[in-house]
Amino acid sequence: MAFKIASSPHVSTSLQTNKVMQRVALCLIPGILAQVYFFGMGTLVQILIAVITCLSAEAAIMKLRNKSIKNALSDNSALVTAVLIAVAIPPLTPWWMTVIGCFFAIVIVKHLYGGLGNNIFNPAMAAYVLLLVSFPLQMTNWVAPSELAANQVSITAAFAHIFELSTAGLDHFRIAVDGHTMATPLDTFKTDLSMGMTSSESLQRNVFDGMTGVGWFWVNLAYLAGGLIMLKLKVIRWHISVGILMAIFVCSGIGFLLNPDTHASPMLHLFSGGTMLCAFFIATDPVTAATSTRGRLLFGAIIGVLIFVIRTYGGYPDAVAFAVLLANMCAPFIDYYIRPRSYGHRAGN
Amino acid sequence: MLTLLEQIDKGTLWHSPGGVHPPQLKSLSNQTASARIAPAKQYRIPLPQVGDCARLSVNVGDKVAQGQQLTEGEGFMYLPVHSPISGIVSNISLQHSNHASGLPVLTCIIESDGLNSQVDYQVSTLGELTNQQILDKTKQAGIAGLGGATFPSHIKLNPASEIDLVIINGVECEPYITSDDVLMRENAFEIFKGIQVINQLLSPQRIVVAIEDNKPEASSAMQQCLTQFDDLQSTVKITVIPTKYPSGGEKQLIQIITGREVPTGSIPAQQGIVVHNVGTAYAIQDAVLHGKPLIERLVTLTGEQVKQPGNYWLPIGTSVEHALEQVGFTAMDNQKVIIGGPMMGYALPEYNVPVLKGTNCILAPSANEIAPDVDEKACIRCGECAVACPALLLPQQLFWHAKAEEYDKAASFNLKDCIECGCCSFVCPSDIPLVEYYRIAKSALKNEAEEKQQAEQAKIRFEARLKRLEDEKLAREEKSRLAAEKRKASANSASNKSTVAEAMARVAAKKKAAEQEGHSKTAEAPSETGASNGKSAAVKAAIERAKAKKLANKSSETSDSTAAEENPQPVNDKKAQIAAAVARAKAKKLAANQSTDNSASVEENTAPVDDKKAQIAAAVARAKAKKLAKQNADAGIYSTTDSETVDSSTTEAAAEVSSNAEPVDDKKAKIAVAVARAKAKKLAKQNADDGIDSTTYTETVNSESVDSSTTDTAAIVSSTLEPVDDKKAKIAAAVARAKAKKLAKQNADADIDSTTDSETVDSESVDSSTTDTAALVSNTAEPVDDKKARIAAAVAKAKAKKLANQQKLSEKE
């Protein structure tokens, strides 16, 4: 009688790739809810557009590559990319920009490099940077927090804005969203400093509530909560997140202690913009990160330092996307040079 | 800081990195006591070492008793196999064995006769046995490590280094397997008996029995039993370690117990640590105290497809099929039967294979126990494998390189340190069979290393062959050289008389010449010598005349050439005629040097000589004459010196020898030639030395003269060659050529030392001499019809060419 032969081990864990991705997507929910609460329904519309675009692009490219569409869609990796793009861009971004970004992320950044597991750059962040450098106006106009806005962005208003239903054109966009949008706290802070104001003067503005940006604190806190759940579920390991947060804290702390007038406080850095989203959901993308534990700490530290440096000295108010892409480039080097000492080997072997 | 022993006594445990916690599922099989199954009709004993380091001691049709040894051998790694049952050897052939590959292995098939006859097992007590006797008993009983690796135990019990710590491995970290658990529960006493044996052999400072905390019954049974052994109380410690796979791996267990790592490429014994399985300890006491060979072991039969899972004492050689049938196995679709546990065990291709010494578990799982076959998905570099790896490797990097078949790069990530525990595959979210990739990469690297080694060996063989051929060639040359020397030596002793005579004659002639120096008394000399009678005397006379004439020519302007021509004519002997011709030719040359009138007479004289040999001799003579003429011409340019005189005498001596040699028909001729050569060489050397020591001017002259003498010698040798038809002559010729070459070289060296002015002269003269030699050699060679002669000629020409080249080169310098 012949039996089925297989290589050992004959058992494995039940945590498959698709489940990992699914959990990542689910852990984003607290942050999304906070974002919807403070910045309106636009984010939900963006998620819808992004998911549809990403899944279609993934299916199309898998067909072109003669590979199983079902396998690709069921691993949920395109879904996570879509949601990350959607929460990163301003909620009232025109639909065609979202489509361009998603298409670029899936087709160019992911599949032209060989698909899942082979891409060098984080697809969501590459798409974000593409949109940021191509459409700086739209990408820097964030929706005003509900507390400060004249009127809350309803779901219909969001649809109207995003799909430019009333009249097409950029001018109209500007007028239409003027009532809802304003610079982000980090942007405001940077502009104020460049205009000769001190940080404490800048923090008196209405986008800040004394310490951090209105609404942004809670959004970051929600992403932090989602990240902690992921850590608990062992979906991610702590090294990258801790690396990023520690590096930001240390760098901004030193800067703030040396010159509080021209530096943002560690609190502002940690709970503004995309810090927590980056630390737990974006930089922890295993494909584009370093793999060893020490390598991951370093990888995270590089991102953290870059975020601080670009925010403080660079031209962009938030720096998450650039920092992540630059660290992505370093990942292969980190993996090559930081190897764990194998059992029975002396250090350095 | 506590010492390691204190730490061990304290029960300190260290952290072992990585590891996983797969579902244990041990309660399936450890709920019942060990049992036996109905004996099978047939047992198959693989004989893996036969033909390698062992031979069969039974034949087909032999009756064997239980415990009877089936093989004999002497090797270090050799372990005998024994018949597990009394019966008849029905077949010895290649059969599938219990291995993942299912490759056939030489197997002894024994049909049970049901008589249960057994060999006498020799019972002993530990006190009466020496260590060597214990080791012998262990080896003869075929004891191998029962943890799975089946390494011969007598080797591990007799390590080269001092052992401080023995670890008795009762960890059994693989899911499902409970054979060690049940053995410890039921046979703790026997295990401690085995530990006593190990203690006596290795006398370690501590013995640690390591048991995972998922086996409380086993550890309490062991702890309880330990109280019965007073002698072990102070040495043995039972340590319970936390459950984690793969804590039972030798390296991992050592790390947990001692905090030390076994350096890569070394064995634990080098650290003073030895690890034995509890099952092995049991088998050792069985062998040493009861004389019973290893013919059965406790095997866990488990899995949801087995109705009565449990631990069973199975004779080695029982077929897996029979064992599973006895415990109510039912196969499902795509049934897997796994030997060992689910983490490291291998799936059997078929189950009609024997239970072996290392078979600790037969697992027949149902579909919901075992991961269904899923397609490998893309690696998302999550790094979980690196977290799980107990060897601290980067499994994902290894996978990348193994998949791309970049095995050297995989090796650089310490692939060889992979223990194939399966933790990485276990945690992989993309269902990548990582261990399979590593196994392929490892075997590819192994093949590569073997091929490299083979190539290296082939290279060594080839180089040895080249060296052998070269040595043989050198030996041949040395042999022929020695033979030539021997010949020369014997020839010297034989021709002593004639040499002495010749020397005397030469001395006389020289003296005369010296006397006559400055005067024109040359006419007297021929008449004096001409009076002497006898064949050789006539020849000598002719030579003397020629010499005298030459000297006369040199010193005075008078044309005595006619006299020289007249004198030889009365000599009627053929050889004498030749000599005369030579002399005439020389004279003519000299004359030609001084006056052009005599050229016609030379032609006349040469014509009558009808003999072929004579013609050759004449040619030689002409060449010599030419040389001398040239010398004279040179001498004319510079003034005559003492050294020149010496030179010319050299030439004369050579000429003398040549004329002398001809009549001598065989051996003596050769001897004479050899003597002449030796002399010529000596003189030439003298000249060369002189040349080097003397002024630039003398150098020039000397080297010139050496040149001519060299040429002459060669010429003489070649003329001598002809009559001698045998091989030796050819050899002599070759030797002569070699000498000529050497001399030429010496000249060349001398040239380099001399001034630019002389250099020009030298190289010219050497050139011409070289050409002359070649010409002469080729001339001589022609009449010889033998093939070898032609070859020799060709060789000579080539050499001449080479010399010319050398000259050119030295000229350039």
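Everything numeric in this text was worked out from a predicted model, so none of it was measured.

Attention now moves to a negative patch on the surface. Residue and element names in this part refer to chain B. Together, Asp408, Glu448, Glu450 and Glu451 make up a region of like negative charge exposed at the surface. A per-element tally of the negative patch places helix α14 (residues 434-494) first, with 3 residues. With respect to the helices, strands and loops of the structure, Asp408 is situated in helix α12 (residues 407-412).

A few words on the environment of Ser342(A). Along the chain, Ser342(A) turns up in the segment after α18 (320-337). Residues in contact with Ser342(A), not counting those within four places in the same chain, are Glu261(B), Ala391(B), Leu392(B), Leu393(B) and Asn414(B). Here the side chain of Ser342(A) touches Asn414(B) through a polar contact of 2.9 Å, side chain to side chain.

So, on to the nonpolar core. Counting 96 residues, the largest nonpolar core has Met125(A), Tyr223(A), Ile244(A), Phe280(A), Phe281(A), Phe299(A) and Ile303(A) as the members making the most contacts within it. Looking at which domains feed residues into this core, each of domain 1 (16-182) and domain 2 (184-338) of chain A gives three or more. Ignoring any residue separated from it by four or fewer positions in sequence, one finds Phe299(A) in contact with Ile240(A), Ala283(A), Thr288(A), Ala289(A), Ala290(A), Ala327(A), Asn328(A), Ala331(A) and Ile334(A). Counting 55 residues, the second-largest nonpolar core is a separate cluster that includes Tyr407(B), Ile432(B), Val435(B) and Tyr438(B).

As a further point, take the packing of aromatic side chains. Residue and element names in this part refer to chain B. By the definition in use, this model includes 20 aromatic pairs over all chains. Measuring from ring centre to ring centre gives 5.6 Å for Tyr282 and Trp313, while their planes differ by 40°; the resulting arrangement is tilted. Remark: Trp313 occurs in strand β13 (residues 310-315) and Tyr282 occurs in helix α8 (residues 278-290); sequence separation between them is 31 residues. Accessibility assignment for this pair places Tyr282 and Trp313 in one class, buried. Aromatic side chains Phe329 and Tyr351 sit 6.0 Å apart centroid to centroid with 65° between the ring planes, which places their arrangement in the edge-to-face category. Linking Phe329 in the loop between α9 (320-326) and β14 (338-339) with Tyr351 in the loop between β15 (346-347) and β16 (361-363), this pair joins segments that are 22 residues apart in sequence.

Residue and element names in this part refer to chain B. When pLDDT is averaged along chain B, the result is 76; 63% of the residues meet or exceed 70. Ignoring residues within four places in sequence, the model shows residues 635-665, a span with pLDDT below 50, making 58 contacts including any to other chains. The low-confidence segment residues 690-725 (pLDDT under 50) makes 87 contacts with residues lying over four places distant or belonging to another chain. Note on the complex model: pTM 0.67, ipTM 0.85.

Another aspect to go through is the pattern of salt bridges. Two side chains with opposite charge may pair up if their charged atoms get near one another. All names here are of chain B. Taken as a whole and assessed by the stated rule, the structure comprises 24 salt bridges over all chains. Ionic pairing is found between Glu72 and Arg55, a salt bridge with its closest N-O pair at 3.2 Å. Of this pair, Glu72 sits in strand β5 (residues 71-73) while Arg55 sits in strand β3 (residues 54-56), and the two are 17 residues apart along the sequence. In this structure, Lys409 and Glu406 form a salt bridge, with 3.9 Å as the shortest nitrogen-oxygen distance. Taken together, the salt bridges that share partners define one network made up of Glu420, Glu436, Arg439 and Lys442.

Taken together, the contact pairs 62 residues of chain B with 37 residues of chain A. Across the chain B/chain A interface, buried area totals approximately 4,300 Å², and carbon plus sulfur atoms make up 54% of it. Ranking the residues of chain B by area buried against chain A places Ile380(B), Arg381(B) and Phe426(B) at the top, with a combined share of 16%. Where chain B meets chain A, there are 3 salt bridges.

This part takes up helix α11 (residues 185-194) of chain A. Residues and elements named next belong to chain A. Of the positions making up α11, those classed as buried are Pro185, Leu186, Asp187, Thr188, Phe189 and Asp192. On its buried side, α11 packs onto α8 (136-140), α12 (199-202), α13 (216-232), α15 (266-270) and α17 (293-313). Remark: Gly196 follows α11 within two positions and exhibits a positive phi of approximately 95°.

Residue and element names in this part refer to chain B. Sheet architecture is open: 4 strands sit in the order β2-β7-β6-β4, paired in antiparallel fashion. The sheet is open, and its two edges are formed by β2 (42-46) and β4 (63-64), each paired on a single side. Pairing of strand β6 (residues 87-96) with strand β7 (residues 104-112) involves 9 bridges; the strand directions are antiparallel. The residue of β7 that forms the bridge with Ile88 is Glu111.

What follows concerns a nonpolar patch on the surface. Residues and elements named next belong to chain A. Taken together, the side chains of Trp238, Val242, Met246, Phe249, Val250, Ile254, Leu258 and Leu297 make up a nonpolar region of the molecular surface, amounting to roughly 770 Å² of accessible area. The element contributing the most residues to the nonpolar patch is helix α14 (residues 238-258), with 7 residues. With respect to the element layout, Phe249 can be found in helix α14.

Here we come to the environment of Ser90(B). Residues and elements named next belong to chain B. Structurally, the position occupied by Ser90 is in strand β6. Dropping the residues within four chain positions of it, Ser90 is found in contact with Val60, Ile109 and Glu111. Within the structure, Ser90 has its side chain in polar contact with the side chain of Glu111 (distance 3.5 Å).

A separate point is the packing of helix α6 (residues 95-110) of chain A against helix α7 (residues 123-134) of chain A. Residue and element names in this part refer to chain A. Running from N to C, α6 and α7 point in directions that differ by 130°, and their axes come no closer than 8 Å. Compared by their axis directions, α6 and α7 come out oblique. Like other packed secondary-structure pairs, α6 and α7 cross with a definite hand, here right-handed. On α7, the residues that touch Met97, Ile100, Gly101, Phe104, Ala105, Val109 and Lys110 of α6 are Pro123, Ala126, Ala127, Leu130 and Leu131. Of the residues that constitute the contact of α6 with α7, the class distribution is 10 nonpolar, 1 polar and 1 charged.

All names here are of chain B. When you line up the elements, Val197 lands in helix α5 (residues 188-202). A sequence separation of 63 residues divides Val197 from Ile134, and the C-alpha atoms of the two residues are 8.1 Å apart. The residues touching Val197, leaving out its near neighbours within four places in the chain, are Leu126, Ile134, Ile284 and Val288.

For the rest of this paragraph, the subject is α14(A). Residue and element names in this part refer to chain A. Here α14 contains 21 residues, and its C-alpha end-to-end distance of 30 Å stays within 8% of the 30 Å for a straight helix at 1.5 Å per residue. Looking at α14, one finds that the buried residues are His239, Ile240, Ser241, Gly243, Ile244, Leu245, Ala247, Ile248, Cys251, Ser252, Gly253 and Gly255. For α14, the elements touching its buried residues are α15, α16 (275-282) and α17.

Another aspect to go through is the pairing of strand β11 (residues 273-277) of chain B. Remark: a regular strand shows side chains that alternate across the two faces of the sheet. Residue and element names in this part refer to chain B. Burial runs high along β11: 5 of the 5 residues are buried. Side chains Ile273, Val275 and Asn277 project from β11 onto one buried face, and the interleaved Val274 and His276 project onto a second face that is buried too. Relative to β11, strand β8 (residues 165-170) runs parallel, the two being bridged by 5 bridges. Each residue of the ladder has a partner; that of Asn169, found in β11, is Asn277.

Further remarks concern the sheet that holds β8(B). Residues and elements named next belong to chain B. With parallel pairing, the 4 strands of this open sheet are ordered in space as β10-β9-β8-β11. A single partner strand is all that each edge strand has here, and the edge strands are β10 (236-241) and β11. Pairs of neighbouring strands in the sheet enclose a mean axial angle of 25°, with direction left out of account. Of the strands in this sheet, β9 (206-212) and β10 touch helix α6 (residues 216-226), which is tilted by about 165° from β10.

What counts, and at which threshold
- Chains are numbered independently. Their residues run from 1 in the order of the written sequence.
- For this description, chains carry letters from A and ligands carry numbers from 1, given in the order in which they are written.
- Totals for whole chains, interfaces and linings use all residues, but because this is a predicted model, local features are given only for residues with pLDDT of at least 70 and pairs of side-chain atoms are given and counted only at 80 or more.
- Note that water and hydrogens are dropped before the side-chain values are worked out from all heavy atoms of the structure.
- Like-charged residues within 9 Å of one another, or nonpolar side chains (Val, Leu, Ile, Met, Phe, Trp, Tyr) within 5 Å, are grouped into patches, provided each residue has over 30% relative accessible area and no salt bridge.
- The accessible surface values rely on the Shrake-Rupley method and a 1.4 Å probe; as for residues, cover is taken only from the protein chains in view.
- What counts as a salt bridge is simple: a side-chain nitrogen of Lys or Arg found within 4 Å of a carboxyl oxygen of Asp or Glu.
- We score Asp and Glu as negative and Lys and Arg as positive, and we do not count His or the chain ends.
- Each charge is placed at NZ for Lys, CZ for Arg, CG for Asp and CD for Glu.
- Secondary structure elements are defined from DSSP: runs of H or I of at least 4 residues count as helices, runs of E of at least 2 residues count as strands, and each element is numbered from the N terminus.
- Residue contacts are counted whenever heavy atoms from the two residues lie within 4.5 Å of one another.
- Throughout this description, a polar contact denotes any pair of N or O atoms lying within 3.5 Å of each other; where both atoms belong to protein, one of them has to be capable of donating a hydrogen while the other can accept it, and for residues adjacent in sequence the pair is counted only when both atoms sit in side chains.
- Buried residues of nine kinds, namely Ala, Val, Leu, Ile, Met, Phe, Trp, Tyr and Cys, make up a nonpolar core once their side-chain atoms join them within 4.5 Å.
- Think of it in three bands: residues with accessible area under 20% of the maximum for their type are buried, residues over 50% are exposed, and the middle band is partly exposed, with areas taken using a 1.4 Å probe on protein chains only.
- An automatic or database domain assignment supplies the residue ranges for each domain.
- Any two of the Phe, Tyr and Trp rings considered here, Trp counted by its six-membered ring, make a pair once their centres fall within 6.5 Å; the pair's planes then place it as stacked at under 30 degrees, edge-to-face at over 60, or tilted in between.
- Note: pLDDT gives the predictor's confidence per residue, expressed from 0 to 100.
- Throughout, the accessible surface (probe 1.4 Å) given up by two parts as they are put together, summed over both, is called the buried area.
- Here a strand pair is declared whenever DSSP counts at least two bridges between the two strands.
- Where helices are involved, their axes are fitted lines through C-alpha atoms of the stretch in contact, as for all axes, and angles between N-to-C directions lie from 0 to 180°.
- When describing relative orientation, an angle under 35 degrees is termed roughly parallel and one over 145 degrees roughly antiparallel, while 65 to 115 degrees is termed roughly perpendicular and anything else oblique.
- Should the near helix be turned anticlockwise from the far one by less than a right angle, the crossing is left-handed, and should it be turned clockwise, the crossing is right-handed.
- Amino acids are sorted into nonpolar (Ala, Val, Leu, Ile, Met, Phe, Trp, Tyr, Cys and Pro), charged (Asp, Glu, Lys and Arg) and polar (every other residue, Gly among them).
- Take the number of residues in a helix, subtract one, and multiply by 1.5 Å to get its expected span.

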